[in-house]
Amino acid sequence: MSVDATTVRRIAHLARIAVTDDDIPHLQGELNAILAFVEELDTVDVTGVEPMTSVTPMALIQREDVVTDGGYPDDIVANAPMTEDHFFMVPKVVE
């Protein structure tokens, strides 16, 4: 795939980058080099290669899903001005 000057101007417009006519040939060469490298990567045989998310194999540390705090609702609502059945009560604000 090759990028022409019109495509370079369009990419610059979409990226909101001010590009002068003198910069177009240089950017055209840079974009063509990038696309050539991507095409080269497409030729690599990756059969049998597992997809990976990191270069070093690691497992996520997981903890047991157990309740480690709680069991004292009376203490939690002790300082609340109004409570009912261990819930905080607030004045009505919407009619």
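Residues numbered from 1 in each chain as written. Predicted model: local features only at pLDDT ≥ 70, side-chain atom pairs only at ≥ 80, totals over all residues. Heavy atoms only, no water.

Visitor: Quick question: what am I supposed to make of the overall build of the protein chain here?
Guide: A count of helices and strands for the protein chain gives 3 helices and 2 strands. The N-to-C order of helical and strand elements in the protein chain reads α-α-α-β-β. Taking 95 residues into account, the globule formula puts the C-alpha radius of gyration at 12 Å, and the protein chain, at 31 Å, lies well above it. Over its C-alpha atoms, taken along the principal directions, the protein chain stretches across nearly 75 × 50 × 20 Å. Looking at the protein chain as a whole, 7% of its 95 residues are labelled buried. Sequence separation of at least 24 residues holds for 28% of the intrachain contacts in the protein chain that already meet a minimum separation of 6. Counting 5 positive and 18 negative side-chain charges, the protein chain places the centres of these two groups 14 Å from one another. (Helix = DSSP H or I, 4+ residues; strand = E, 2+ residues; numbered from the N terminus. Rg over C-alpha atoms; globule rule 2.2 N^0.38 Å. Buried < 20%, exposed > 50% of the residue type's maximum accessible area, 1.4 Å probe, protein only. Contact = heavy atoms within 4.5 Å. Lys, Arg positive; Asp, Glu negative; His and termini not counted. Charge placed at Lys NZ, Arg CZ, Asp CG, Glu CD.)

Visitor: It is not clear to me how the environment of Thr20 should be interpreted in this structure. Could you clarify?
Guide: In this fold, Thr20 is placed in the loop between helix 1 (5-14) and helix 2 (24-42). In this structure the C-alpha to C-alpha distance between Thr20 and Thr53, which are 33 residues apart in sequence, comes to 40 Å.

Visitor: Explain the confidence of the model for the protein chain to me, please; I cannot follow it from the model alone.
Guide: A low pLDDT score tells you not to read the predicted coordinates there in detail. Of the residues in the protein chain, 100% have a pLDDT of 70 or more, and the chain-wide mean is 90. Mean pLDDT values for the elements of the protein chain range from 89 in helix 3 (residues 73-76) up to 95 in helix 1. (pLDDT = per-residue confidence, 0-100.)

Visitor: How should I be thinking about the pattern of salt bridges in this particular structure?
Guide: Here the idea is simple: oppositely charged side chains can pair when their charged atoms come close. Under the counting rule described, the total for this entry stands at 1 salt bridge. Of the charged contacts in the structure, one is a salt bridge between Asp21 and Arg9, with a shortest N-O distance of 3.4 Å. With Asp21 in the loop between helix 1 and helix 2 and Arg9 in helix 1, the pair connects residues that are 12 residues apart, well separated along the chain. Residue classification places Asp21 among the exposed positions, given a relative accessible area of 57%. (Salt bridge = Lys/Arg side-chain N within 4 Å of Asp/Glu carboxyl O.)

Visitor: Got a minute to help me understand a nonpolar patch on the surface in this structure?
Guide: Taken together, the side chains of Ile34, Phe37, Val38, Leu41, Val44, Val46 and Val49 define a hydrophobic patch exposed on the protein surface, amounting to about 660 Å² of accessible area. Positionally, Ile34 belongs in helix 2. Judged by relative accessible area, Ile34 falls into the partly exposed class, the value being 49%. (Patch = residues over 30% accessible without salt bridge, like charges linked within 9 Å, V, L, I, M, F, W, Y side chains within 5 Å. Areas by Shrake-Rupley, 256 points an atom, 1.4 Å probe, with all protein chains shown as cover.)

Visitor: I'm lost on the packing of helix 1 against helix 2 in this one. Help?
Guide: Axis angle and axis distance: for two packed helices, these are the angle between their axes and the distance between the axes, and together they describe the pair. Two numbers describe how helix 1 lies on helix 2: the axes approach to 9 Å, and their chain directions differ by 90°. As summarised for this structure, helix 1 and helix 2 are arranged roughly perpendicular, according to the angle between their axes. When helix 1 is examined against helix 2, the residues Ala5, Val8, Arg9 and Ile11 are found in contact with a partner set consisting of Ile24, Leu27, Gln28 and Leu31. Of the residues that constitute the contact of helix 1 with helix 2, the class distribution is 6 nonpolar, 1 polar and 1 charged. (Axes fitted to C-alpha atoms, helices over the stretch in contact; angles between N-to-C directions. Parallel < 35°, antiparallel > 145°, perpendicular 65-115°, else oblique. Nonpolar A, V, L, I, M, F, W, Y, C, P; charged D, E, K, R; others polar.)

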